[in-house]
Amino acid sequence: MIDRDEGGYSKSSSAAKRHLEESLASGRITQSEAGVIAQFFAAVPSPEWPSSGLQRRMQASGGREPGANGS
């Protein structure tokens, strides 16, 4: 699994993988839930995050209220 704060594989990734496998084997989670968890931790955030997409558009709007331009 990926340590999102360090941007690489964490020292505990093998322990986390083992815990995920044990949870799956014991029936605490389903195969599909295990897949979602694995995908979440495998995803690498954008280097521009959080200043990407929606946040940039919100900042560019300047927080203006609708109708505040005097019309």
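Above this note sits the structure.
Residues numbered from 1 in each chain as written. Predicted model: local features only at pLDDT ≥ 70, side-chain atom pairs only at ≥ 80, totals over all residues. Heavy atoms only, no water.

Asks: So what's going on with the overall build of the chain? Residues and values would help.
Replies: Of regular secondary structure, the chain possesses three helices and two strands. Counting the 71 residues in the chain, one finds 10% classified as buried. (Helix = DSSP H or I, 4+ residues; strand = E, 2+ residues; numbered from the N terminus. Buried < 20%, exposed > 50% of the residue type's maximum accessible area, 1.4 Å probe, protein only.)

Asks: Residues and numbers for helix α3 (residues 54-61), please.
Replies: The buried fraction of α3 amounts to zero of the eight residues, a small share that puts the element mostly on the outside. Phi turns positive, to about 75°, at Gly 62, one or two residues after α3.

Asks: Before we move on, can you summarise the packing of aromatic side chains with the specific residues and values?
Replies: Within the structure shown, the criterion is met by one aromatic pair. Here Phe 40 and Phe 41 contribute two aromatic rings whose centre-to-centre distance is 5.0 Å and whose plane-to-plane angle is 90°, an arrangement assigned as edge-to-face. Using a relative accessible area of 46% as the deciding quantity, one classes Phe 40 as partly exposed. (Phe/Tyr/Trp six-rings, centres within 6.5 Å; stacked < 30°, edge-to-face > 60°.)

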